[in-house]
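Listed below are the residues making up each chain.
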Amino acid sequence: MRTIRSFVDAPLSPGATVTLSELASGHLVRVLRLGVGDAVVLFNGDGHDYAARLVSLGKRGAEAQVLSASAVANESPLALTLAQGVARGEKMDLVLQKATELGVAAIAPMNTERTEVKLDAERAAKRMAHWHGILAAACEQSGRARLPRLAEPVSLAAYAAAETAQVKLMLDPAGELCLPDLALAPGATVALAVGPEGGLSDRDRATLHAAGFRGLRLGPRILRTETAGLAAIAALQALYGDLA
């Protein structure tokens, strides 16, 4: 039987009654046709699933009573940060969704030399809220109880200067490394930088290289931005994570 999971941006504990958002309520009630007394699983990103049941249905949202909590242990042992050059619209959404499903620990959107999406403060705030919703929905679907950490978009130079991962990689068709060269130690933290449409420029690569990033190539074909990072994440998870 399918488990129905719903993200709640609020503290959760057994015995508490919580009001679900209009979006979550609409999905549970209008789409899934749930009613009072039906079971749901709530999570808020703290690493637990909370068994609950719907206790009321209102115009502004349904209410659910939390019955019990259980720890969820399905996070990857590979602590991987995806530093993604901001791509246009649906491409960025796809990358965030699938990277979450594949188990990345953090996502750092970068504004690179070839980034075509320009966000002022208001648009950036709306985009962050939208991206957070993408991550929450991907966790609902994939069974994760922790959302990847999502950083505010910054310049590639600012990101590179602040990154502290033990292993720093950038996707580069001419990179000096291939996957078998890595031989990551257990517990190593990894950062993977991926360019937007058009890839990383020479200046971008020079900036990353100066910050300790090494070029990683993925075979003989040129991959799109929405393919390249996901392919690399899947390969790294298969070699060093939990895609066994």
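Everything below is about the structure shown above.
Analysis parameters
- Residues numbered from 1 in each chain as written.
- Predicted model: local features only at pLDDT ≥ 70, side-chain atom pairs only at ≥ 80, totals over all residues.
- Heavy atoms only, no water.
- Core = buried A, V, L, I, M, F, W, Y, C linked by side-chain atoms within 4.5 Å.
- Buried < 20%, exposed > 50% of the residue type's maximum accessible area, 1.4 Å probe, protein only.
- Helix = DSSP H or I, 4+ residues; strand = E, 2+ residues; numbered from the N terminus.
- Contact = heavy atoms within 4.5 Å.
- Pairing = 2+ DSSP bridges.
- Axes fitted to C-alpha atoms, helices over the stretch in contact; angles between N-to-C directions.
- Phe/Tyr/Trp six-rings, centres within 6.5 Å; stacked < 30°, edge-to-face > 60°.
- Lys NZ or Arg CZ within 6 Å of the ring centre and 35° of its normal.
- 1 Å grid on protein atoms, 1.4 Å probe; cavity = no way out; pocket = protein on both sides within 12 Å on 5 of 7 lines; lining within 4 Å.
- Points joined across faces, edges and corners; volume = space filled by probe spheres on them.
- Nonpolar A, V, L, I, M, F, W, Y, C, P; charged D, E, K, R; others polar.
- Left-handed = near helix turned anticlockwise from the far one by under 90°.
- Salt bridge = Lys/Arg side-chain N within 4 Å of Asp/Glu carboxyl O.

1. Focus on the nonpolar core
By size, the foremost hydrophobic cluster in this structure holds 38 residues, and its most contacted members are Leu80, Leu169, Leu192 and Ile233. Per-element tally for this core: the top contributor is helix 3 (residues 121-142), with six residues. In contact with leucine 169, other than residues within four places in its own chain, are Leu177, Leu182, Val190, Ala191, Leu192, Ala193, Phe213, Arg214 and Leu216. Grouped together as the second largest cluster of nonpolar side chains are 16 residues, Leu28, Ala52, Leu54 and Ala62 included.

2. Overview of the sheet that holds strand 5 (residues 61-71)
Taken together, five strands build an open sheet; the order of strands is 1-3-4-5-2 and the sheet is mixed. Looking along the sheet, the strands with just one partner apiece sit at the ends: strand 1 (5-7) and strand 2 (17-19). Geometrically, the sheet is characterised by an average inter-axis angle of 40° between neighbouring strands, direction not taken into account. Bridging between strand 4 (residues 48-58) and strand 5 involves 10 bridges; their strand directions are antiparallel.

3. What about the packing of aromatic side chains?
Using the criterion set out here, one finds two aromatic pairs in the structure. Measuring from ring centre to ring centre gives 5.5 Å for phenylalanine 7 and phenylalanine 43, while their planes differ by 65°; the resulting arrangement is edge-to-face. Pair noted here: phenylalanine 7 is in strand 1 and phenylalanine 43 is in strand 3 (residues 39-43), with a separation of 36 residues, a long-range link. Residue class for phenylalanine 7 comes out buried when judged on its relative accessible area of 15%. Seen in terms of ring centroids, tyrosine 159 and phenylalanine 213 are 6.1 Å apart; in terms of plane orientation they differ by 55°. Their pairing is tilted. With tyrosine 159 in helix 4 (residues 156-162) and phenylalanine 213 in the loop between helix 5 (202-210) and strand 12 (214-216), this residue pair connects regions lying 54 residues apart in the sequence. An identical accessibility class is assigned to tyrosine 159 and phenylalanine 213; each is buried. For the cation-ring pair, arginine 5 lies above phenylalanine 43, with the distance from its terminal atom to the ring centre recorded as 4.3 Å.

4. So, the layout of surface pockets
Empty space within the largest pocket amounts to approximately 570 Å³. Around the largest pocket sit 24 residues that line it, and Ser6, Phe7, Leu23, Ala24 and Glu140 are the ones nearest its centre. For the lining of the largest pocket, the elements supplying multiple residues, two or more each, are strand 1, helix 1 (22-31) and helix 3. The element that contributes the greatest number of residues to the lining of the largest pocket is helix 3, accounting for six residues. Its residues placed into classes, the lining of the largest pocket shows 12 nonpolar, eight polar and four charged. The volume enclosed by the second largest pocket comes to roughly 390 Å³. Lining of the second largest pocket is provided by 23 residues; of these, Leu171, Pro173, Ile222, Leu223 and Ala228 occupy positions nearest its centre. Residue composition of the lining of the second largest pocket, grouped by class: 11 nonpolar, five polar and seven charged.

5. Quick word on unusual backbone geometry
Positive phi is not limited to glycine here, since arginine 33 has a value of about 65°. A positive phi angle, close to 50°, is found at alanine 183, a residue other than glycine. Turning to its location among the elements, alanine 183 is positioned in the loop between strand 10 (167-171) and strand 11 (189-194). Overall, alanine 183 belongs to the exposed group, its relative accessible area being 62%.

6. Considerations on the packing of helix 2 (residues 89-101) against helix 3
The interhelical angle for the contact between helix 2 and helix 3, taken along N-to-C directions, is 35°, at an axis separation of 9 Å. In this structure, helix 2 crosses over helix 3, and the sense of that crossing is right-handed. Taking contact as the criterion, the partners of Met92, Asp93, Leu96, Gln97, Thr100 and Glu101 in helix 2 are, on helix 3, His130, Trp131, Ile134, Leu135, Ala138, Cys139, Gln141 and Ser142. Of the residues contributing to the contact of helix 2 with helix 3, the split by class is seven nonpolar, five polar and two charged.

7. Topic: the pattern of salt bridges
The final tally for this structure, using the stated rule, is 10 salt bridges. Here lysine 91 and glutamate 197 are joined by a salt bridge, their closest N and O atoms 4.0 Å apart. One end of the pair, lysine 91, is in helix 2; the other, glutamate 197, is in the loop between strand 11 and helix 5, and 106 residues separate them in sequence. Of the residues examined, lysine 91 reaches a relative accessible area of 22% and is grouped as partly exposed. Notably, a salt bridge pairs arginine 205 with aspartate 202, separated by 2.3 Å at the nearest N-O pair. You can see arginine 205 and its partner aspartate 202 sitting in helix 5, three residues apart, about one turn around the helix. Of the residues examined, arginine 205 reaches a relative accessible area of 23% and is grouped as partly exposed. When salt bridges that share partners are traced, they join Asp172, Asp202 and Arg205 into one network.

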